[in-house]
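Remarks on the overall topology
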Amino acid sequence: MTTAQAPPTVRSRLAELAAERITQWQEGYLRDSPKDVAALARLRRGAGRDAAEMPDLWSLVDTGPLYQAGAEGLRPLSQGELSRAEDALYAALTLFALHQQSRGARMHRPHTRTRPTGLGAAVRRLMPPSEIDEPVRKRLVRAGTAPDLVSLAQRLRDIVVLLRRADVPLDYGLLAGQLYAWQWPDGPGAVRREWGRSFHQTGQQRDPAGEHTTNPPITPDTRKDAS
């Protein structure tokens, strides 16, 4: 007996698309592929900026798969859904490009229960296991109270710089879905709760790989990221 599954939501479709694109770029970047290094160099110029100001990046932020309908229960998206999805994907891709800059490890890492990499968990990992770093916590709170998506991306940019400095990874597929949800009525409150739960659940946990550390030595690849 087979059980019909509910069709994927726009949020989940967007999260999968973001993770797929980012994984491809990430692996190419770590192999020092000129094409992927150049793509991330272009994308990171848009981190924290309005997508409308960066038309040269639109070709990299391709939401074409979201237009597909018919297969696997997918339906065509409304204009409002597509617009929000495009803005969320743009923000997630550009923030990832900034995060991965000069890092020799994967800064996008899928979230799991045993190795949480949501935004709240990542911010908590910047702190000592049994202490709260108030200036860092306030950055997360400030992001959570952003009045619009562009302001949110700007505040997330500041957090991403800290995560990059400490080699703390983030699930950018999950973040893309959250940025999409943020733009709908009642979305900011729901996303803030997700970040808060992630932050507090990670409070006393140490990463199994020993990655609950702060400010490890940084060895940037200045040749690769000179642009």
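We now turn to the structure provided with this report. Because the structure is a prediction, the values reported are computed rather than measured.

1. What to know about the packing of helix α2 (residues 34–44) against helix α3 (residues 79–100)
Look at α2 against α3: their axes get within 8 Å of each other, and the N-to-C directions meet at 115 degrees. Judged by the angle between their axes, α2 and α3 are roughly perpendicular. Read as a crossing pair, α2 and α3 show a hand that is left-handed. Contacts from Leu40, Leu43 and Arg44 of α2 reach α3 at Leu93, Thr94, Phe96, Ala97, Leu98 and Gln100. Tallied by class, the residues present in the contact of α2 with α3 amount to six nonpolar, two polar and one charged.

2. Describing α2
Of all the positions in α2, only Asp36, Val37, Ala39, Leu40, Ala41, Leu43 and Arg44 are classed as buried. On its buried face, α2 is in contact with α1 (10–30) and α3.

3. Re the packing of aromatic side chains
If you walk through the whole model with that rule in mind, you get three aromatic pairs. Judged by centre distance (5.7 Å) and plane angle (75 degrees), the ring pair of phenylalanine 96 and tyrosine 172 falls under edge-to-face. Here the residue phenylalanine 96 occupies a position in helix α3, and tyrosine 172 occupies one in helix α7 (residues 172–182), the gap between them amounting to 76 residues. On the basis of relative accessibility, which here comes to 0%, the residue phenylalanine 96 falls in the buried class. Taking 6.0 Å as the distance between ring centres and 65 degrees as the angle between the ring planes, the aromatic pair formed by tyrosine 180 and tryptophan 184 counts as edge-to-face. Overall, tyrosine 180 belongs to the buried group, its relative accessible area being 7%. One Lys or Arg, arginine 84, reaches over the ring of tryptophan 184 and ends 3.8 Å from the middle of that ring.

Definitions and cut-offs
- Residues numbered from 1 in each chain as written.
- Predicted model: local features only at pLDDT ≥ 70, side-chain atom pairs only at ≥ 80, totals over all residues.
- Heavy atoms only, no water.
- Axes fitted to C-alpha atoms, helices over the stretch in contact; angles between N-to-C directions.
- Helix = DSSP H or I, 4+ residues; strand = E, 2+ residues; numbered from the N terminus.
- Parallel < 35°, antiparallel > 145°, perpendicular 65-115°, else oblique.
- Left-handed = near helix turned anticlockwise from the far one by under 90°.
- Contact = heavy atoms within 4.5 Å.
- Nonpolar A, V, L, I, M, F, W, Y, C, P; charged D, E, K, R; others polar.
- Buried < 20%, exposed > 50% of the residue type's maximum accessible area, 1.4 Å probe, protein only.
- Phe/Tyr/Trp six-rings, centres within 6.5 Å; stacked < 30°, edge-to-face > 60°.
- Lys NZ or Arg CZ within 6 Å of the ring centre and 35° of its normal.

Note that every value here comes from positions in space, so none of it alone points to a role or purpose.
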